[in-house]
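# Examination of the molecular architecture
Spelled out from the first residue to the last, the chains are:
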Amino acid sequence: MATNGAHEETLGAEGSKWLGEYSQVHMNVFGTPLRVMDHGQGAYVWDIDGNEYLDFLAGIAVNSIGYAHPKWVKAVSEQAAKVAHVSNYFATEPQIKLAEKLVQLAGAPEGSHVYFGNSGAEGNEAAIKLAKLYGRTLPGAAPALGGKPARIIAMTHGFHGRTLGALSATWKPVIRTPFEPLVPNIEFVEAGDPVALYEAFAQTGPGKYGKGPVAAVIMELIQGEAGVRPLGADYVKKARQMCDANNALLIIDEVQTGMGRTGAWFAFQREDLSGGIVPDMITFAKGVAGGFPMGGMIAFGQKLSSLFTPGSHGSTFAGNPLGAAAGLATIGVIEDEDLVANAEARGKQLRDGIMATGNTLFESTRGRGLLDAIQLDHPCSHAAMNWALEHGLIVNAVAPDALRLAPPLNVTEQDVDAAIAILAGIPNDLPND
């Protein structure tokens, strides 16, 4: 088996053929795919040539209950046989039940409401739009009183999506710059620096040099695309305090960290990540429907939720019954199999085991639950990722000197041991990428 690390897997003839066709018909926005995948089971996936891989990326934290879980397959199949889509002129039972369940899992107060979309970017678009509506209610933004447009503050190294609104709050210059000018009045402060955030708030005021009020601050508690880097609980607490003092909203992007990934249903529920704060909005996607495209936003409380009115936002496919059934099945499996606790236990096993290998390439590990990274001692992450892939393990080069690991939440103790065994063999003298 590939997962024992005993032999290498190379791109086969069928994969080469299909990748040649891929390049002829697909926009080159993802580069050349690494393999052509065919099917999966549990934490394993097979390519079109029959090579087996232990998947410690899970579709970038999407396949939260692995591949082809029988309860998920049954729920999706049965719903597809009933009705897959009805448009938002109508409601369906799965849509209503999933919204109720998400509000419950988030511990959101009475009057909280859910907006469904189809991706994390769409969830963040909804949050940004709601924040802009909220900003218009602030006295310092009222045109009749000489106000200026309210602002949204985002973090350096933060990632919220690639649609134009979400991209406007995404820091990475290489993906922002070609599309500028983007949505105005979204600014960046240095992530983790409370003084920088305080100074951004302090710029509010009348006169030639003053700016409009801050409507919202948006942040990930673990900056996933930046290399799985926690912001720090003390910083998050101070951000919450500054938002409260300035009548600003705090939006927590839980797209990658939500749905049990970090060892809690949502990362903000971990004291060591948030300091115990309660957000005004959270966004979710990725793992919520176990592989089906689903995302959205939860607004905490009636007053904020009521700012969205009929026609102010929408999506044709949002909350469709097929996706909602997939979401309910996914959450059901996570609950029934105690996978939030499993994420915590297997994550600790993974981080401890990696450092116990003695591989001098590995400087340290970081993360929570099953959203983790290995810090490498030199920038060879793509070479390390490719070596692992050739030996039957899927991981992700999330930064030049870091590997991201985000296996399914139902990964077993044996799966983790198998992954560690492969990682242990990565040469420590790989060339820089």
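Right above here is the structure, for reference.
To start, this report covers the structure provided alongside it. Every value quoted in this text rests on a predicted model; they were computed, and no experiment measured them.

### Focus: the overall build of the chain
- A tally of helices and strands in the chain yields 15 helices and 17 strands.
- In summary, the chain has a C-alpha radius of gyration of 22 Å against a globular reference of 22 Å for 433 residues, a match within 12%.
- In terms of overall dimensions, the chain has a C-alpha envelope of 70 × 50 × 45 Å along the principal axes.
- Expressed as a percentage of its 433 residues, the buried residues of the chain come to 56%.
- Once local pairs closer than 6 in sequence are excluded, the contacts in the chain between residues at least 24 apart make up 72%.

### Observations regarding the sheet that holds strand S10 (residues 249-253)
- In spatial order, the strands read S4-S12-S11-S10-S7-S5-S6; together these seven strands make up an open sheet with mixed pairing. One side of each edge strand has no neighbouring strand; the edge strands of this open sheet are strand S4 (113-117) and strand S6 (186-189). Across the sheet, the mean angle separating the axes of adjacent strands is 20 degrees when strand polarity is ignored.
- Lying on the sheet, helix H4 (residues 93-106) is in contact with S4, strand S11 (281-284) and strand S12 (295-299); it crosses S4 at an angle near 120 degrees.
- Sitting on the sheet, helix H9 (residues 233-245) touches strand S5 (151-155), S6, strand S7 (214-219) and S10, and the angle it makes with S7 is about 165 degrees.

### Looking at H9
- In this model, H9 (13 residues) spans 18 Å end to end at C-alpha, consistent with the 18 Å of a helix rising 1.5 Å per residue.
- Buried within H9 are the following residues: Ala233, Tyr235, Val236, Ala239, Arg240, Met242 and Cys243.
- Turning to H9, the residues buried within the fold contact S5, S6, helix H8 (194-202), S7, S10 and helix H10 (271-274).
- Note on H9: the residue one or two positions beyond its end, Asn247, has a positive phi of about 55 degrees.

### Points about the sheet that holds strand S1 (residues 37-41)
- Taking strand neighbours across the sheet as the criterion, the four strands line up as S1-S2-S3-S15 in an open arrangement whose pairing is mixed. The open sheet has two free edges, formed respectively by S1 and strand S15 (393-394), since each of these has just one partner strand.
- Here strand S3 (residues 52-55) runs beside S15; their pairing, made up of two bridges, is parallel. Bridge assignment links Asp55 to a residue of S15, and that residue is Ile394.

### A word on H4
- The terminal C-alpha atoms of H4, which comprises 14 residues, lie 20 Å apart, in line with the 20 Å expected from a rise of 1.5 Å per residue.
- Buried within H4 we find Pro94, Gln95, Leu98, Ala99, Lys101, Leu102, Val103, Leu105 and Ala106.
- Along its buried surface, H4 packs onto helix H3 (70-82), S4, S11, S12 and helix H12 (321-336).

Cut-offs used in this document
Residues numbered from 1 in each chain as written. Predicted model: local features only at pLDDT ≥ 70, side-chain atom pairs only at ≥ 80, totals over all residues. Heavy atoms only, no water. Helix = DSSP H or I, 4+ residues; strand = E, 2+ residues; numbered from the N terminus. Rg over C-alpha atoms; globule rule 2.2 N^0.38 Å. Buried < 20%, exposed > 50% of the residue type's maximum accessible area, 1.4 Å probe, protein only. Contact = heavy atoms within 4.5 Å. Pairing = 2+ DSSP bridges. Axes fitted to C-alpha atoms, helices over the stretch in contact; angles between N-to-C directions. Expected span 1.5 Å × (residues − 1).

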